[in-house]
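Here's the letter readout for the chains.
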Amino acid sequence: MIAACIDSPRSRVDSNPPMLATAGASHAAKPEDQDLQPSDTEPVMIRAAHPRHVLVLMACLTALNVMDRQLLSVLIDPIKREFGVSDGAMGLLTGTAFALLHGTAGIPIAVAADRGVRRSIIALGLAVWSGLTFLTGFARSYAEIFAIRVGVGVGEAAGGAPAQSLLSDTFP
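Residues numbered from 1 in each chain as written. Predicted model: local features only at pLDDT ≥ 70, side-chain atom pairs only at ≥ 80, totals over all residues. Heavy atoms only, no water.

Student: Explanation requested: the pattern of salt bridges in the structure shown.
Tutor: All told, the structure shown has 5 salt bridges when counted by the stated rule. When the shortest N-O distance is used, the salt bridge between aspartate 87 and lysine 80 registers 2.4 Å. Look at aspartate 87 and you get exposed, because its relative accessible area is 56%. (Salt bridge = Lys/Arg side-chain N within 4 Å of Asp/Glu carboxyl O. Buried < 20%, exposed > 50% of the residue type's maximum accessible area, 1.4 Å probe, protein only.)

Take a look at the structure:
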């Protein structure tokens, strides 16, 4: 609920004074221009009612992110026994499978966060990685768990740059 009131495509912080568009030309806001509305392309600062709530939510998001990354490390031995895989295969599963797309997906996700609604990108990433983490428990083969962990890496990438950007705008 808190996140819903803090981010919109127009909620970017602008260090310049508010600008209002009139007849194709922009000028600094003056008292006589108070009845004018900002254009859709201009940044408009929208402050969270409770910025500390945003901070707590992003801290919880990061905690979930870290816990999920460590989940397979705790369960290496049972997974290795169940699927009959080697230490090398488990190394690929806990490292390469996750990092394969986590790093590369982070760049386009960060670009999308700059152009779109960050809270929606964060929420979608959380839903993807939570759902795929849940599906990890139902994997029937090493290939399935590997593919699922690749997807988790993509989902968790949405918890990085967009969350940091949201925090930097909330606490300028």
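The rest of the description comes next.
Student: Before we go on, may I ask you to explain the environment of valine 66 in this structure?
Tutor: Here valine 66 lies in helix α1 (residues 51-74). Linking valine 66 and glutamate 156, residues 90 residues apart in sequence, is a C-alpha distance of 9.5 Å. (Helix = DSSP H or I, 4+ residues; strand = E, 2+ residues; numbered from the N terminus.)

Student: It is not clear to me how the nonpolar core should be interpreted in this structure. Could you clarify?
Tutor: Most often, soluble globular proteins have nonpolar side chains that are buried together. Among the nonpolar cores identified, the biggest contains 19 residues, and Met58, Leu61, Ile79, Leu93, Ile122, Tyr142 and Ile145 are the most heavily contacted of them. At the level of secondary structure, the elements contributing two or more residues to this core comprise α1, α3 (87-115), α4 (118-136), α5 (142-157) and α6 (161-170). For isoleucine 79, the contacting residues outside a window of four places in its chain are Leu72, Gly84, Met90, Leu93 and Ile145. Counting residues in each nonpolar core, the second largest holds 6 residues, with Ala105, Ala113, Ile121 and Ala158 among its members. (Core = buried A, V, L, I, M, F, W, Y, C linked by side-chain atoms within 4.5 Å. Contact = heavy atoms within 4.5 Å.)

Student: Looking at this structure, how should I read the environment of leucine 57?
Tutor: On the secondary structure map, leucine 57 appears in helix α1. C-alpha of leucine 57 to C-alpha of alanine 163: the two residues are 106 residues apart in sequence and 9.7 Å apart in space.

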